[in-house]
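Summary of the model geometry
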Amino acid sequence: MIVIRNLTVFIFLLVSAFINSNAHAQTGYALVGAKILVGDGSVVVNAVLLIEKKHIIKIGKNQPIPSGFEVINVTGHIITPGLIDSITEVGIVEVSMEDGGNDALQKSISIDPALNMSVAINRHSSVIPITRKEGVTSVIALPHGGCVSGKGVWVDLHSDIHEAEENIATTFLSVAFGKEGQGGQFTRAQILSKFITMLDDTLWYMKNQKAYVDNKMRSLSLSFQQLEAMIPVVQSQTPILF
């Protein structure tokens, strides 16, 4: 599913190649004549859009163009906000049929809340520039396979994705009650029961961590790493995606 994001992440496909290839950048750029879909429902026809230091500073009709800005005529084109693909494997799958190129598919364990896609994102993935060129500026990369397949991540596909850690952030815990979650092994009722047990065990662990470390408590359904990964979930800091 693709949705429109905030105006501040506009991606301008028709001029991006021009701007990126211009070694001697001007003070800024003025895109003139386009129809702009702002993202809040409003539309500006025959608009002037000003870009300075890779950021949009103004949008308007009959907007004055500052001195030193390079004017780019985009009459007849449509400019939209950057798009978000909310169900994707961008950055975690290169070749889906090859295990070595697929970090999204969780095969061996049916429940693993500790699996976090943020450590699996390939910042140099060949899929990222292709996706960005098609107008998608952010994606949510999802693990799949098993009842609780791990934590998905939000990825901003900026050109500086290779360096900027803030471009990748953990977003939610992925839980599957359908065919994928069942995997031919569990019914929906069994999956729900297992998940409730996970929540109960995490709450128990949070109240009895010393006893857990000293091995003086009952056995739990999750490992230490998995229990730690579930703490922000039960504290409502990490949402659950069903």
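What counts, and at which threshold
Residues numbered from 1 in each chain as written. Predicted model: local features only at pLDDT ≥ 70, side-chain atom pairs only at ≥ 80, totals over all residues. Heavy atoms only, no water. Phe/Tyr/Trp six-rings, centres within 6.5 Å; stacked < 30°, edge-to-face > 60°. Buried < 20%, exposed > 50% of the residue type's maximum accessible area, 1.4 Å probe, protein only. Helix = DSSP H or I, 4+ residues; strand = E, 2+ residues; numbered from the N terminus. Pairing = 2+ DSSP bridges. Axes fitted to C-alpha atoms, helices over the stretch in contact; angles between N-to-C directions. Parallel < 35°, antiparallel > 145°, perpendicular 65-115°, else oblique. Contact = heavy atoms within 4.5 Å. Nonpolar A, V, L, I, M, F, W, Y, C, P; charged D, E, K, R; others polar. Core = buried A, V, L, I, M, F, W, Y, C linked by side-chain atoms within 4.5 Å. pLDDT = per-residue confidence, 0-100. Polar contact = N/O pair within 3.5 Å; in protein donor to acceptor, adjacent residues only side chain to side chain.

1. Observations concerning the packing of aromatic side chains
Scanning the model with the defined rule gives three aromatic pairs in all. Ring geometry for Tyr-205 against Tyr-212: centres 5.1 Å apart, planes inclined by 85°, an arrangement best described as edge-to-face. Among the residues examined, Tyr-212 registers a relative accessible area of 24% and is labelled partly exposed. Centre to centre, the rings of Tyr-212 and Phe-224 are 6.5 Å apart; their planes meet at 25°, and the pair counts as stacked. Of this pair, Tyr-212 sits in helix 5 (residues 209-213) while Phe-224 sits in helix 6 (residues 224-234), placing them twelve residues apart in sequence. Taken together, the aromatic side chains of Tyr-205, Tyr-212 and Phe-224 make up a single cluster linked through ring pairs.

2. Describing the pairing of strand 4 (residues 55-61)
Note: strand 3 (residues 43-52) against strand 4, six bridges, orientation antiparallel. Bridging across to strand 4, Ile-51 finds its partner in Ile-56. Between strand 3 and strand 4, which pair antiparallel in sequence order, lie two residues; one of them, Lys-53, sits at a positive phi of approximately 55°.

3. Some details on the packing of helix 4 (residues 188-207) against helix 6
It is the contact of helix 4 with helix 6, at a shortest axis distance of 9 Å, that shows an interaxial angle of 95°. Between helix 4 and helix 6, the angle is such that the two are roughly perpendicular. Contact with helix 4, carried on its side by Met-198, Leu-199, Asp-201, Thr-202, Leu-203, Tyr-205 and Met-206, involves Phe-224, Leu-227, Glu-228, Met-230, Ile-231 and Val-234 of helix 6 and no other residues of that element. In terms of residue class, the contact of helix 4 with helix 6 is made up of ten nonpolar, one polar and two charged.

4. What about the pairing of strand 10 (residues 168-175)?
Of all the eight residues making up strand 10, six are buried; the element is thus mostly covered by neighbouring parts of the structure. Here strand 9 (residues 148-156) runs beside strand 10; their pairing, made up of seven bridges, is antiparallel. Note that in strand 10 the partner of Val-155 across the bridge is Ile-168. Direction of pairing for strand 10 relative to strand 11 (residues 240-241): parallel, over a ladder of two bridges. Residue Leu-173 lies in a different strand from strand 11, and its bridge partner there is Ile-240.

5. Some words on the environment of Ser-110
Relative to the elements of secondary structure, Ser-110 occurs in the loop between strand 7 (83-88) and helix 2 (127-133). Take Ser-110: its relative accessible area is 24%, and that puts it in the partly exposed class. For the pair Ser-110 and Gly-150, spaced 40 residues apart in sequence, the C-alpha separation works out to 10.0 Å.

6. Some remarks on the nonpolar core
Among the nonpolar cores identified, the biggest contains 16 residues, and Ile-111, Val-148, Leu-173, Phe-195, Met-198, Leu-222 and Met-230 are the most heavily contacted of them. Elements represented by at least two residues in this core include exactly strand 10, helix 4 and helix 6. Ignoring sequence-local partners within four residues, the contact set of Leu-173 consists of Pro-113, Val-148, Gly-150, Lys-151, Phe-195, Met-230, Val-233, Thr-238, Pro-239, Ile-240 and Leu-241. If you look at the next biggest cluster of nonpolar residues, it comprises 14 residues, including Ile-92, Val-93, Ala-141 and Val-155.

7. Description of the confidence of the model for the protein
Regions with low pLDDT should not have their predicted coordinates read in detail. Here the protein averages 80 in pLDDT, and 76% of its residues register 70 or above. Between residues 1-15, whose pLDDT stays under 50, and residues either more than four places distant or in other chains, the model counts 54 contacts.

8. As for the side chain of Thr-88
Relative to the elements of secondary structure, Thr-88 occurs in strand 7. On the basis of relative accessibility, which here comes to 11%, the residue Thr-88 falls in the buried class. At 3.1 Å, the side chain of Thr-88 and the backbone nitrogen of Val-90 are in polar contact. Non-local contacts of Thr-88, meaning those with residues more than four positions away in its chain, are made with Val-139, Ile-140, Ala-141 and Leu-142.

9. As for the side chain of Ser-125
Positionally, Ser-125 belongs in the loop between strand 7 and helix 2. For Ser-125, a relative accessible area of 3% puts it in the buried group. In terms of polar contacts, Ser-125 uses its side chain to reach the backbone amide nitrogen of Val-127, at 3.1 Å. Residue contacts for Ser-125: discarding those within four places in its chain leaves Gly-91 and Glu-94.

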